[in-house]
Amino acid sequence: MGVPKDETRRMLSGGAYADAVQTDFEEGRRFGATGVPFFVFNRAYGVSGAQSSDTYLSALRTAHADPAPETADAWVRAPS
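Residues numbered from 1 in each chain as written. Predicted model: local features only at pLDDT ≥ 70, side-chain atom pairs only at ≥ 80, totals over all residues. Heavy atoms only, no water.

Caption draft 1: Just the pattern of salt bridges, in detail. Across all of its chains, the model carries one salt bridge by this definition. With a closest N to O distance of 2.0 Å, Glu27 and Arg43 form a salt bridge. Taken together, the residues Glu27 in helix H2 (residues 18-30) and Arg43 in the loop between strand E1 (38-41) and strand E2 (45-48) connect sequence positions 16 residues apart. Since its relative accessible area comes to 17%, Glu27 is described here as buried. Among the residues examined, Arg43 registers a relative accessible area of 40% and is labelled partly exposed. (Salt bridge = Lys/Arg side-chain N within 4 Å of Asp/Glu carboxyl O. Helix = DSSP H or I, 4+ residues; strand = E, 2+ residues; numbered from the N terminus. Buried < 20%, exposed > 50% of the residue type's maximum accessible area, 1.4 Å probe, protein only.)

Given below as structure tokens:
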């Protein structure tokens, strides 16, 4: 993949990205993520678990048609 081994080992053994990972984790929890996979579209629509391509297409279309919420704390709505 082109990622140098030494750089990868240094990154994984250090804490350079710990704050970013924790922020992502907390944001996922606010969206209702309790496992993986979990996808958030437009910071408003959450899709949990392995879903059909039709479900993802519906989520993408719904999120695209809906203006983005002002904050990341917006309620997660399931696409119809």
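Caption draft 2: Spotlight on a nonpolar patch on the surface. A contiguous nonpolar surface patch, about 440 Å² in accessible area, is contributed by Met11, Leu12, Tyr17 and Val21. Tracing the sequence through the fold places Met11 in helix H1 (residues 5-13). (Patch = residues over 30% accessible without salt bridge, like charges linked within 9 Å, V, L, I, M, F, W, Y side chains within 5 Å. Areas by Shrake-Rupley, 256 points an atom, 1.4 Å probe, with all protein chains shown as cover.)

Caption draft 3: Structural context of helix H3 (residues 53-65). Relative to the 18 Å expected for 13 residues at 1.5 Å per residue, H3 spans 18 Å between its end C-alpha atoms, a close match to the ideal helical length. Residues of H3 that are buried in the fold lie against E1 and E2. (Expected span 1.5 Å × (residues − 1). Contact = heavy atoms within 4.5 Å.)

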